[in-house]
Amino acid sequence: MGCRRRAPAAELLRIIAIENGAGHSLSPDPGRNRPGRGAHLHLDPACFTLAQRRRAFGRALRITTGAPDTGELAEYLRASTTTSGHPTGRGSQAR
Ligand SMILES: [Zn+2]
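Attention here is on the structure that accompanies the text. Keep in mind that this is a model prediction, so the values were computed, not measured.

Cut-offs and rules
- Residues numbered from 1 in each chain as written.
- Predicted model: local features only at pLDDT ≥ 70, side-chain atom pairs only at ≥ 80, totals over all residues.
- Heavy atoms only, no water.
- Helix = DSSP H or I, 4+ residues; strand = E, 2+ residues; numbered from the N terminus.
- Buried < 20%, exposed > 50% of the residue type's maximum accessible area, 1.4 Å probe, protein only.
- Contact = heavy atoms within 4.5 Å.
- Areas by Shrake-Rupley, 256 points an atom, 1.4 Å probe, with all protein chains shown as cover.
- Pairing = 2+ DSSP bridges.

**Structural notes on the overall build of the chain**
A count of helices and strands for the chain gives three helices and three strands. Burial statistics for the chain: of 95 residues in total, 35% are counted as buried. Restricting to contacts in the chain with at least 6 residues of sequence separation, those with at least 24 account for 59%. For the chain, the exposed area adds up to about 5,900 Å²; of that, 50% sits on carbon and sulfur atoms.

Written as structure tokens, this is what we have:
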């Protein structure tokens, strides 16, 4: 989503937007089973940064109430990509 690289679905993280009262926050959905409109992002902080810069989340998730809170998602990406240098978040991570 952020970049234009193609990747197999297994390497993409599903993201959904959750209403939090003040707006929306982005939440990772590694199990791909949570309801709602989803967007897909490479499990890669660089891709996340790009998507953020392009406001791609708001467009993909139809968020019209300002910039979504990306804190939870940023934390998830950091945790998933710093352990081995390779993405590990394939849906097995406990919360
Ligand atoms: Zn990407």
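**Overview of the pairing of strand β1 (residues 12-19)**
Here five bridges tie β1 to strand β3 (residues 38-42), and the two strands are oriented antiparallel to one another. Each residue of the ladder has a partner; that of Leu 13, found in β3, is Leu 41. In terms of strand pairing, β1 meets strand β2 (residues 24-28) through five bridges, oriented antiparallel. From the neighbouring strand, Ile 18 faces β2, where its bridge partner is Ser 25. Between the end of β1 and the start of β2, which pair antiparallel, lie four residues, with Gly 21 showing a positive phi angle near 95°.

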